[in-house]
Every structure is written in C-alpha cells, then in structure tokens.
Amino acid sequence: MMVFPDFGGVGAADDLRSIVGALLMFVLIIAVLMLIVSAIIWAIASSTGNAHTTTKARIGAWVALGAAALAGAGVAWVNFLLGLGERL
C-alpha cells in the first residue's frame with residue numbers, strides 16, 4: 001500500500017493569496033510613507049548642519065527602500081510558490 005499526500009486538501013490557496021497580498025500592501029504603504037518622512041528629515045537636517053540626524057535619516061531612508069523592495073519581491077515570491085504548489 002502506497003501513501004501519497006492529498007494535494008487537493010489545501011483549498012484555501014486563494015484566501016492565502018489575498019491575505020498575504022493585503023498584508024504586503026500595508027507594508028508597502030508604510031515603507032513609502034517612512035521613505036518620505038526620512039527624506040524630508042534628511043533634507044532638513046542637512047540644511048541645518050545636524051550631522052547625527054542626517055546620518056539617522058539616511059539610514060532610515062535606506063531601510064525603507066529595502067523594506068519596500070522586500071515587500072514587492074514577497075508578492076512575486078508568494079505567487080510563484082502558490083503556482084508551483086498547484087502544479088505538483
């Protein structure tokens with residue numbers, strides 16, 4: 001007797017796709033807002049000569065860019081994995 005997994009047993013793939021997409025949308029919105037805030041603070045701190053705040057704002061901008069890139073890549077990655085799982 002052979003035992004095989006029931007690949008049709010995961011019926012909530014569409015629900016999972018929409019939940020992950022919604023969560024990643026919120027991450028993208030927050031990352032873009034953080035990028036805008038960091039860029040404004042970076043510009044103001046640079047014009048006033050505050051080097052410490054300039055450095056912190058620049059790091060914040062890079063972190064926001066990285067978070068936006070990872071969230072955007074996350075959507076593609078989840079869609080790829082769900083598509084791969086449907087073909088098994």
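The structure reproduced in this document is the subject of the present report. (Residues numbered from 1 in each chain as written. Predicted model: local features only at pLDDT ≥ 70, side-chain atom pairs only at ≥ 80, totals over all residues. Heavy atoms only, no water.)

**Structural notes on helix H2 (residues 51-87)**
Right, on to step 1. Look at H2: 54 Å from first C-alpha to last across 37 residues, which is about the 54 Å you get at 1.5 Å a residue.
Right, on to step 2. Within the span of H2, buried status applies to Thr54, Ala57, Gly60, Ala61, Ala64, Ala71, Gly74 and Leu82. (Helix = DSSP H or I, 4+ residues; strand = E, 2+ residues; numbered from the N terminus. Expected span 1.5 Å × (residues − 1). Buried < 20%, exposed > 50% of the residue type's maximum accessible area, 1.4 Å probe, protein only.)

**Looking at the environment of Ala76**
Right, on to step 1. Looking at where Ala76 falls in the secondary structure, it is placed in helix H2.
Right, on to step 2. Between the C-alpha atoms of Ala76 and Gly21, which are 55 residues apart in sequence, the distance is 9.7 Å.

**Here's the deal with the environment of Thr53**
Right, on to step 1. For Thr53, the location among the structural elements is in helix H2.
Right, on to step 2. The class of Thr53 is partly exposed, set by a relative accessible area of 28%.
Right, on to step 3. On a C-alpha basis, the gap between Thr53 and Ile41 in space is 7.9 Å, while along the polypeptide they are 12 residues apart.
Right, on to step 4. In this structure, Thr53 is in contact with Ile41 and Ala45, ignoring residues within four places of it in sequence.
Right, on to step 5. At a separation of 3.0 Å, a polar atom in the side chain of Thr53 contacts the side chain of Asn50. (Contact = heavy atoms within 4.5 Å. Polar contact = N/O pair within 3.5 Å; in protein donor to acceptor, adjacent residues only side chain to side chain.)

**Quick notes on the environment of Gly74**
Right, on to step 1. Positionally, Gly74 belongs in helix H2.
Right, on to step 2. On the basis of relative accessibility, which here comes to 18%, the residue Gly74 falls in the buried class.
Right, on to step 3. Spatially, the C-alpha atoms of Gly74 and Gly21 are 8.9 Å apart, while their sequence positions differ by 53 residues.

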